Amino acid sequence: MGSIEFNETQRAALVSLLIEMINADGVVDVSECDVFNTICVEQGISDDTFRIGQSLNSMVAVDIMKKMSDIQKIAIAKLLIRVIDADANDDDKEIQLFNTICKATGVDILIAAMDKD
């Protein structure tokens, strides 16, 4: 996963989307925070980028994700899944948010195309 490169704006969008996912079910689980922190280290998220991502509107983050390459979009989707799976409780709100992000950014089409292969 570390081989996929993101610029600072994209990293800020990633932070925003991950925080949104952590908060989706209304319960912030310590395991979700651990996965979030690990992802931030893996992706080289600086303190400044974290603060920007923290304040970034999630709709703006989705718009930034829409403009990413297909490989970057799939990478973000996989990172979101890591947060969903972190607490071993795939909450309906988390799944709904994931599906909404995928549909809004075209990841659903990319996944469907990969499934056909």
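The present account deals with the structure reproduced in this document. Along each chain, the written sequence defines residue order, and numbers are assigned to residues from 1. This being a predicted model, a pLDDT of at least 70 is required before a residue's local features are given, and a value of 80 or more before pairs of side-chain atoms are given or counted; all residues contribute to the totals for chains, interfaces and linings. Only heavy atoms go into the side-chain values, all of them from the structure, while hydrogens and water stay out.

### Digging into the overall build of the chain
In step 1: For the purposes of this entry, the term helix denotes a DSSP run of H or I that reaches at least four residues, the term strand denotes a run of E that reaches at least two, and both are numbered from the N terminus. A count of helical and extended segments in the chain gives 7 helices and 0 strands.
In step 2: Along the chain, from the amino end to the carboxyl end, the secondary structure elements read α-α-α-α-α-α-α.
In step 3: Referenced to the eigenvectors of the C-alpha coordinate spread, the extents of the chain come out at roughly 40 × 30 × 25 Å.
In step 4: Each residue is placed in one exposure class: buried if its accessible area under a 1.4 Å probe, protein chains only, is under 20% of its type's maximum, exposed if it is over 50%, and partly exposed if it falls in between. Out of the 117 residues in the chain, the part that is buried amounts to 42%.
In step 5: Taking the contacts inside the chain whose residues are at least 6 apart along the sequence as the reference set, 81% of them involve residues at least 24 apart. The contact definition used throughout considers only heavy atoms, calling two residues in contact when any of these lie within 4.5 Å.

### Some thoughts on the environment of E32
In step 1: Examined against the element boundaries, E32 turns out to sit in helix 2 (residues 30-42).
In step 2: Residue classification places E32 among the buried positions, given a relative accessible area of 0%.
In step 3: It is 9.6 Å that separates the C-alpha atoms of E32 and I19, two residues lying 13 residues apart in sequence.
In step 4: Beyond its immediate chain neighbours, meaning those up to four positions away, E32 contacts I22, D25, V27, V83, A86, D87 and E94.

### Some words on the side chain of Q10
In step 1: Tracing the backbone shows Q10 in helix 1 (residues 8-23).
In step 2: For Q10, a relative accessible area of 11% gives the class buried.
In step 3: Those residues within four positions of Q10 in sequence are excluded, and the remaining contacts are E5, I64, M68 and Q72.

### A few points about the nonpolar core
In step 1: In this description, a nonpolar core means a group of buried Ala, Val, Leu, Ile, Met, Phe, Trp, Tyr and Cys residues linked to one another through side-chain atoms lying within 4.5 Å. Judged by nonpolar contacts, the single largest core of 33 residues is most densely connected at L17, L18, I76 and L80.
In step 2: Of all the elements in the fold, those that place two or more residues in this core are helix 1, helix 2, helix 4 (58-66), helix 5 (70-86), helix 6 (92-105) and helix 7 (107-116).
In step 3: When residues of this core are assigned to their parent elements, the largest contribution, 8 residues, is made by helix 5.
In step 4: Excluding residues within four positions of it along the chain, L18 makes contact with F36, I39, L79, L80 and V83.

### Description of the pattern of salt bridges
When the charged atoms of two side chains with opposite charge come close together, those side chains can pair.
In step 1: In what follows, salt bridge is the name for a side-chain nitrogen of Lys or Arg lying within 4 Å of a carboxyl oxygen of Asp or Glu. All told, the structure shown has 4 salt bridges when counted by the stated rule.
In step 2: A salt bridge links R82 to E42, with the shortest nitrogen-to-oxygen separation between them at 2.8 Å. Taken as a pair, R82 in helix 5 and E42 in helix 2 lie far apart in primary sequence, 40 residues in all.
In step 3: Overall, the relative accessible area of 38% leaves E42 in the partly exposed class.
In step 4: Between K67 and D63 there is a salt bridge, with its nearest N and O atoms 3.2 Å apart.
In step 5: A relative accessible area of 66% places K67 in the exposed class.
In step 6: Using a relative accessible area of 33% as the deciding quantity, one classes D63 as partly exposed.

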